[in-house]
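# Structural characterization, general
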Amino acid sequence: MEYLKEGSNLLTVRENNLALLIRLIHKKKVCSRVELSKETGLKQATITNIVNDLIRWGVVAETGFLPGRGKRRAIGISLNQESFRIIGVRLNRKYAQTGLFDLAGNLLEKKTCSFQRGVPPAETVRSICAAIEALLGRAAQKKVLGIGIAMPGPFVPESGRIAMMSGFPGWDRVDLKGELERQLLLPVYLEHDANCGALAELWYGGIDSQEDVLFVAADTGVGAGILVRGQLYTGSQGMAGEIGHISIDYQGPVCECGNRGCLELYCSTQRLVQRYQEEAQKAGNTIEAVGKTEEEILKKVADAEPLARRVFGEVAGFLGIGLASAVNAYNPGVIILSDKMALAGQYLVEVIAQALKERLLPSVFEGLRIRLGAFAEDGMLYGAGALVIERMLSMPSESFKPPA
């Protein structure tokens, strides 16, 4: 019989303490060494030694005296916004966003390149690489820790490839990580876009790390990032959260994934545009008069235009039906709604809440909080940056310590 080894040596303990302090300093933004000792239970001597190392490596900077009682004033510390840079990329079916971040998560510059449906993957990779190179030029004399990429699903972490991107054939043969690492000579980290959105909420959106969260990204596809006590739940193959391929009609239309009646066939932004134009034309309006894009229609929803709200209620109601199954499966305490559909504003929350209320046990619904994401469309981009930090914190001394 085999037993798992769960012991910790001194090196592991130190790495864990380094990661713990970096997370806590990030959360507090500015704090003292005494606060860190109280929050973590570590001795002040241990805190002093670790903080001194972080200052020497450029991870932390002193901010001056903090206001306090008595003659001894504590010196504040915060994450150093000058020493390091991070590249984040969000790959979408219609565009790629590329952002330059500092260690504190501030977005310093953003580039967006759009592409047409069916564009060859090689062309998209060239566009992403060019955008990253432009941002690296702005990061001169800063150490770039790596590149995080939020990938549309279904994404297979083991192979590092997208299993299927609707309307964009060929991505299952693209080694994006390998291509970018060869060209840019930087470490590249890939993750499902909804998981990146969940990381963004965890790092920058004020989520309590003890909460169980279902982060929902609804745009041309639908995916979910699942946080269990501050940790991503990704499943045995890293593909947990593909709620867009829950079937809500076993006799429905065939999806590209091979299933029938998949959720995202009924509640995507593409479906919203289609249904709105159909209903507007029935009412005697032309497409030119009613708007062609999801952004135009979602603005009408936010502005309470009756037809837009009626059609949006239908489409978002299907999303609520799918989320009822997800809630019964994962039992989250919080649902966060994000991506393009969230441009409808609080009305999206109202529609989802009503659909869930009709389909969940009262005790389950009453224990559930539903809110919009903190970042609207940029959540996955911020999460791609946070992904790099998460990976760095698995071994902070190797990631941040300058070479001898």
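Remember, it's a predicted structure, so these values are computed and weren't measured experimentally.

Rules behind the numbers
Residues numbered from 1 in each chain as written. Predicted model: local features only at pLDDT ≥ 70, side-chain atom pairs only at ≥ 80, totals over all residues. Heavy atoms only, no water. Helix = DSSP H or I, 4+ residues; strand = E, 2+ residues; numbered from the N terminus. Rg over C-alpha atoms; globule rule 2.2 N^0.38 Å. Buried < 20%, exposed > 50% of the residue type's maximum accessible area, 1.4 Å probe, protein only. Contact = heavy atoms within 4.5 Å. Core = buried A, V, L, I, M, F, W, Y, C linked by side-chain atoms within 4.5 Å. Disulfide = S-S within 2.5 Å. 1 Å grid on protein atoms, 1.4 Å probe; cavity = no way out; pocket = protein on both sides within 12 Å on 5 of 7 lines; lining within 4 Å. Points joined across faces, edges and corners; volume = space filled by probe spheres on them. Pairing = 2+ DSSP bridges. Axes fitted to C-alpha atoms, helices over the stretch in contact; angles between N-to-C directions. Expected span 1.5 Å × (residues − 1). Salt bridge = Lys/Arg side-chain N within 4 Å of Asp/Glu carboxyl O. Phe/Tyr/Trp six-rings, centres within 6.5 Å; stacked < 30°, edge-to-face > 60°. Lys NZ or Arg CZ within 6 Å of the ring centre and 35° of its normal. Parallel < 35°, antiparallel > 145°, perpendicular 65-115°, else oblique. Nonpolar A, V, L, I, M, F, W, Y, C, P; charged D, E, K, R; others polar.

### Remarks on the overall build of the protein chain
Helix and strand content of the protein chain: 15 helices and 14 strands. Compactness check: the protein chain gives a C-alpha radius of gyration of 23 Å against a globular reference of 22 Å for 404 residues, within 12% of the reference. Its C-alpha atoms give the protein chain principal-axis dimensions of roughly 75 × 55 × 50 Å. When burial is assessed residue by residue, the protein chain has 52% of its 404 residues classed as buried.

### Here's the deal with the side chain of Thr124
Examined against the element boundaries, Thr124 turns out to sit in helix α4 (residues 121-138). If near-sequence neighbours (up to four positions away) are discounted, Thr124 is found in contact with Leu91, Phe115, Val119 and Trp171.

### Comments concerning the nonpolar core
If you look at the biggest cluster of nonpolar residues, it comprises 51 residues, and the most contacted ones within it are Leu36, Leu54, Val59, Leu103, Leu145 and Phe400. When residues of this core are assigned to their parent elements, the largest contribution, nine residues, is made by helix α14 (residues 379-392). With 44 residues, the next largest nonpolar core counts Val327, Val349, Ile352 and Phe365 among its residues.

### Focus on the state of the cysteines
The final tally for this structure, using the stated rule, is zero disulfides. Between Cys129, a cysteine without a disulfide, and Cys113, which holds the nearest cysteine sulfur, the sulfur-to-sulfur distance is 11 Å. Accessibility expressed as a relative area gives 4% for Cys129, which makes it buried. Unpaired in this structure, Cys257 has its nearest cysteine sulfur neighbour in Cys262, at a distance of 3.6 Å. Relative accessible area serves as the criterion here: at 36%, Cys257 is assigned to the partly exposed category.

### Some words on the layout of surface pockets
Considering only enclosed or pocket space, the largest pocket measures out at about 810 Å³ in volume. Lining of the largest pocket is provided by 29 residues; of these, Arg23, Leu24, His26, Lys27 and Leu202 occupy positions nearest its centre. Those elements that provide at least two residues to the lining of the largest pocket are α1 (10-28), α2 (33-40), β2 (75-79) and α6 (193-204). Considering each element in turn, the lining of the largest pocket owes the most residues, six residues, to α1.

### Concerning the pairing of β2
By the criterion of burial, β2 is predominantly enclosed, with four of the five residues buried. Where strand β1 (residues 60-65) and β2 come together, five bridges link them in antiparallel fashion. Note that in β2 the partner of Ala61 across the bridge is Ser78.

### Some details on the sheet that holds strand β3 (residues 84-91)
Pairing within the open sheet is mixed, and its five strands lie in the order β5-β4-β3-β6-β9. Strands with a single pairing partner mark the edges of an open sheet, and in this sheet they are β5 (107-114) and β9 (188-192). The mean inter-strand angle of the sheet, taken between neighbouring strand axes irrespective of direction, is 20 degrees. Pairing geometry for strand β6 (residues 143-151) and β9, over five bridges, is parallel. What sits directly across from Ala150, in β9, is Glu191.

### Observations concerning helix α11 (residues 306-330)
With 25 residues, α11 ought to run about 36 Å at 1.5 Å a step, and its terminal C-alpha atoms sit 35 Å apart, in line with that. Downstream of α11 by a residue or two, Asn331 has a phi angle that is positive, lying close to 50 degrees.

### Observations regarding the pattern of salt bridges
Counting across every chain of the model gives 27 salt bridges. A salt bridge links Lys94 to Glu294, with the shortest nitrogen-to-oxygen separation between them at 2.9 Å. One end of the pair, Lys94, is in the loop between β3 and β4 (95-102); the other, Glu294, is in helix α10 (residues 294-302), and 200 residues separate them in sequence. Among the residues examined, Lys94 registers a relative accessible area of 33% and is labelled partly exposed. Classification of Glu294 by relative accessible area gives buried; the value is 6%. Among the salt bridges present, the one from Glu109 reaches Lys111, with a minimum N-O distance of 3.7 Å. Since its relative accessible area comes to 18%, Glu109 is described here as buried. Among the charged side chains, a salt-bridge network with shared partners connects Arg275, Glu278, Glu279, Lys282, Arg310 and Glu314.

### Notes on the packing of aromatic side chains
For the coordinates displayed, the defined rule picks out eight aromatic pairs. Ring geometry for Tyr266 versus Phe318: centroids 5.3 Å apart, planes at 45 degrees, classification tilted. With Tyr266 in helix α7 (residues 264-267) and Phe318 in helix α11, this residue pair connects regions lying 52 residues apart in the sequence. Geometrically, the ring pair formed by Phe312 and Tyr347 is tilted, given 6.0 Å between the ring centres and 40 degrees between the ring planes. With Phe312 in helix α11 and Tyr347 in helix α12 (residues 346-359), the pair connects residues that are 35 residues apart, well separated along the chain. Since its relative accessible area comes to 0%, Phe312 is described here as buried. Taken together, the ring pairs connect Phe101, Trp203, Tyr204, Phe375 and Tyr382 into an aromatic cluster. The ring of Tyr189 has Lys177 sitting right over it, with the charged end atom 5.9 Å from the ring centre.

### Remarks on the packing of α6 against α14
When two helices pack together, their arrangement is captured by the angle between the axes and the distance separating the axes. Look at α6 against α14: their axes get within 7 Å of each other, and the N-to-C directions meet at 75 degrees. The pairing of α6 with α14 is recorded here as roughly perpendicular in orientation. Seen from α6, the contacting residues are Asp193, Ala194, Cys196, Gly197, Leu199, Ala200, Leu202, Trp203 and Tyr204; seen from α14, they are Gly379, Met380, Tyr382, Gly383, Ala384, Ala386, Leu387, Ile389 and Glu390. When its residues are assigned to classes, the contact of α6 with α14 shows 13 nonpolar, three polar and two charged.

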